[in-house]
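# Close look at the chain arrangement
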Amino acid sequence: MIGLISNPNSGHNRDQFQRLSQLLDAQPNIIHCITESSRQIPAALEQLRRQPIEALAINGGDGTLSATLGHALENRVFDKLPPVVVLPGGTANMSAGDVGVRGALSAAVTRLCAWSKGKAPESRRIQRVMMRVCVEPDSRPHYGMFLGAGAVIQGTEYAHRELHSRGLRDEFSVALGALRTLWGVVRRDGQFRRAVDVNLHLQEWSGWDRHRTLILAVSSLHRLFMGIDPFWGEGPGALRVSVIENDCRRFLRAFPSIARGRPNRLARPENGYFSYNTDHITLQIDSAFNLDGEILYGSDADGTVTISASEPITFLRL
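As a starting point, this report considers the structure included with it. As the structure is a computational prediction, the values presented were derived from the model and not from experiment.

### Remarks on the overall build of the protein
Of regular secondary structure, the protein possesses 8 helices and 17 strands. Computed over C-alpha atoms, the radius of gyration of the protein comes to 20 Å, within 12% of the 20 Å expected from 2.2 N^0.38 for 318 residues, which places it in the range of a compact globule. When burial is assessed residue by residue, the protein has 57% of its 318 residues classed as buried. For the protein, the share of sequence-separated contacts (at least 6 apart) that also reach a separation of at least 24 residues comes to 71%. In the form shown here, the protein has an accessible surface area of approximately 14700 Å², with 48% of it arising from carbon and sulfur atoms.

### Digging into the packing of helix α1 (residues 17-25) against helix α5 (residues 105-116)
For the pair α1 and α5, the least separation of the axes is 10 Å and the interaxial angle reads 5°. Taken together, the axes of α1 and α5 are roughly parallel relative to one another. Two secondary-structure elements touch here, α1 through Arg-19, Leu-20, Leu-23 and Leu-24 and α5 through Leu-105, Ser-106, Val-109, Thr-110, Leu-112 and Cys-113. Of the residues that constitute the contact of α1 with α5, the class distribution is 7 nonpolar, 2 polar and 1 charged.

### Focus: the layout of surface pockets
Quantified by volume, the second largest pocket comes out at close to 380 Å³. Lining the second largest pocket are 20 residues, with Lys-80, Leu-81, Pro-82, Pro-83 and Glu-311 sitting closest to its centre. At the level of elements, α2 (41-49), α3 (62-74), β5 (124-128) and β17 (313-317) are the ones that each hand at least two residues to the lining of the second largest pocket. Grouping the amino acids of the lining of the second largest pocket by side-chain chemistry returns 11 nonpolar, 3 polar and 6 charged.

### With respect to the environment of Gly-233
One can find Gly-233 in the loop between β10 (209-219) and β11 (239-245). Each C-alpha atom of the pair Gly-233 and Gly-261 lies 9.0 Å from the other, and the pair is 28 residues apart in sequence. Discounting residues that sit within four places of it in the chain, Gly-233 has contacts with Ser-275, Tyr-276 and Asn-277.

### Section: the environment of Arg-249
Relative to the elements of secondary structure, Arg-249 occurs in the loop between β11 and α8 (251-259). Sequence-wise, Arg-249 and Arg-268 are 19 residues apart; in three dimensions their C-alpha atoms are separated by 9.5 Å. Those residues in contact with Arg-249, other than ones at most four positions away along the chain, are Asn-271 and Tyr-273.

### Quick look at the pattern of salt bridges
What the rule picks out here adds up to 8 salt bridges. Of the charged contacts in the structure, one is a salt bridge between Glu-46 and Arg-49, with a shortest N-O distance of 2.7 Å. Linking Glu-46 with Arg-49, this pair stays in helix α2, spanning 3 residues, or about one helical turn. A residue is classified by how much of its surface remains accessible, and Arg-49, at 40% relative accessible area, is partly exposed. Close ionic contact of Arg-180 with Asp-189 constitutes a salt bridge, the shortest N to O distance being 3.7 Å. Judged by its relative accessible area of 26%, Arg-180 falls in the partly exposed class. Residues joined by salt bridges that share partners form a network here, namely Glu-46, Arg-49 and Arg-50.

### A word on the pairing of strand β2 (residues 30-34)
Buried residues dominate β2, accounting for 4 of its 5 residues. Where strand β1 (residues 2-6) and β2 come together, 5 bridges link them in parallel fashion. By the bridge assignment for β2, Ile-5 is matched with Cys-33. At this point the chain moves from β1, through α1, to the parallel β2, and the crossover so formed is right-handed.

### Here we look at the nonpolar core
By size, the foremost hydrophobic cluster in this structure holds 53 residues, and its most contacted members are Leu-69, Leu-81, Ile-244, Phe-251 and Tyr-273. Counting residues per element, this core draws most heavily on α8, which supplies 5 residues. Leave out the neighbours within four places in its chain, and Tyr-273 touches Trp-232, Val-243, Ile-244, Cys-248, Arg-249, Arg-250, Phe-251, Ala-254, Ile-258, Leu-266, Ala-267 and Arg-268. In this structure, Val-135, Leu-216, Leu-283 and Leu-291 belong to the second largest nonpolar core, which totals 25 residues.

### What about unusual backbone geometry?
Of note, Asn-93 is a non-glycine position whose phi angle comes to about 55°, a positive value. For Asn-93, the location among the structural elements is in the loop between β4 (84-88) and α4 (94-99). What makes Asn-93 buried here is its relative accessible area of 7%. The phi angle at Met-226 is positive, at roughly 60°, despite the residue not being glycine. Note on placement: Met-226 falls in the loop between β10 and β11.

### Quick notes on α1
Inspection of α1 places Phe-17, Leu-20, Ser-21 and Leu-24 among the buried residues, and these make up the whole buried set. Seen along its axis, α1 keeps its buried residues to an arc of 100°; they face one direction. Away from its buried face by more than 90 degrees, α1 exposes Gln-18 and Gln-22. Of the surrounding elements, those touching the buried residues of α1 are β1, β2, β3 (55-60) and α5.

Conventions adopted
Residues numbered from 1 in each chain as written. Predicted model: local features only at pLDDT ≥ 70, side-chain atom pairs only at ≥ 80, totals over all residues. Heavy atoms only, no water. Helix = DSSP H or I, 4+ residues; strand = E, 2+ residues; numbered from the N terminus. Rg over C-alpha atoms; globule rule 2.2 N^0.38 Å. Buried < 20%, exposed > 50% of the residue type's maximum accessible area, 1.4 Å probe, protein only. Contact = heavy atoms within 4.5 Å. Areas by Shrake-Rupley, 256 points an atom, 1.4 Å probe, with all protein chains shown as cover. Axes fitted to C-alpha atoms, helices over the stretch in contact; angles between N-to-C directions. Parallel < 35°, antiparallel > 145°, perpendicular 65-115°, else oblique. Nonpolar A, V, L, I, M, F, W, Y, C, P; charged D, E, K, R; others polar. 1 Å grid on protein atoms, 1.4 Å probe; cavity = no way out; pocket = protein on both sides within 12 Å on 5 of 7 lines; lining within 4 Å. Points joined across faces, edges and corners; volume = space filled by probe spheres on them. Salt bridge = Lys/Arg side-chain N within 4 Å of Asp/Glu carboxyl O. Pairing = 2+ DSSP bridges. Right-handed = clockwise from strand over helix to strand, strands pointing away. Core = buried A, V, L, I, M, F, W, Y, C linked by side-chain atoms within 4.5 Å. Arc of directions from axis to C-beta.

Structural data, given as structure tokens:
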């Protein structure tokens, strides 16, 4: 028995949801809950909690996944969170690319239906955590699997202004926006290269590291959009952190190796490149940052953003 929460307004669901919904609703082992907004997710989870579901499937974008799992974790909706199946129903589908069902949405839904009837190969189990993000003085926690600041935000602004406003909301638009941002960084275009002051404290440290930052990335994923993996820190910790400083040296030569998670000899701290693993981070950042598509804002110099790892979650890749 599978409990499924769908967001019909997410990227790939918009133009095919009616057809997919008819297919899903015809499956005897799938309880399909449709949520038009995040405000309807708590009621959907409560409905599924009362059913003997063995897996929780989520059909939406990264924001739908974060809102659903965040509410389930924060409110202990289930005695034990069931394994999670992520369908690529959004625009970027960054989380689905790492822990979910890859490929086109229609094929992923067909595979889920077959799996619910025992007619598909066994699933592969993957463990990840969610990031619990608290922004002072707001007491409401936010959840996500990727946080970005600096050029990440500047690239997001460009995508909204130049791509999404023209109706481009597929994976190609994500790749186009990322490539345009990188080109702007290389060309030192002020539209994409505006330094952000970030003070960073990891639980393993006694003090703060101060960075004038070009790119800040924090994630619990092992694969981001377009398959990049810009983290190379060593040691334990489910949260992966990378910082590239604004005055970093040889960015064009260093970044391709960083994107693969295998930094070359140029990607060193003395050249402005840093990467760490941890389970708890505290930031002081007086700028916007992107958490799975949600734009949040750091506090003033005395405020903090705390990021901690949730309990491990089991994802099923079908």
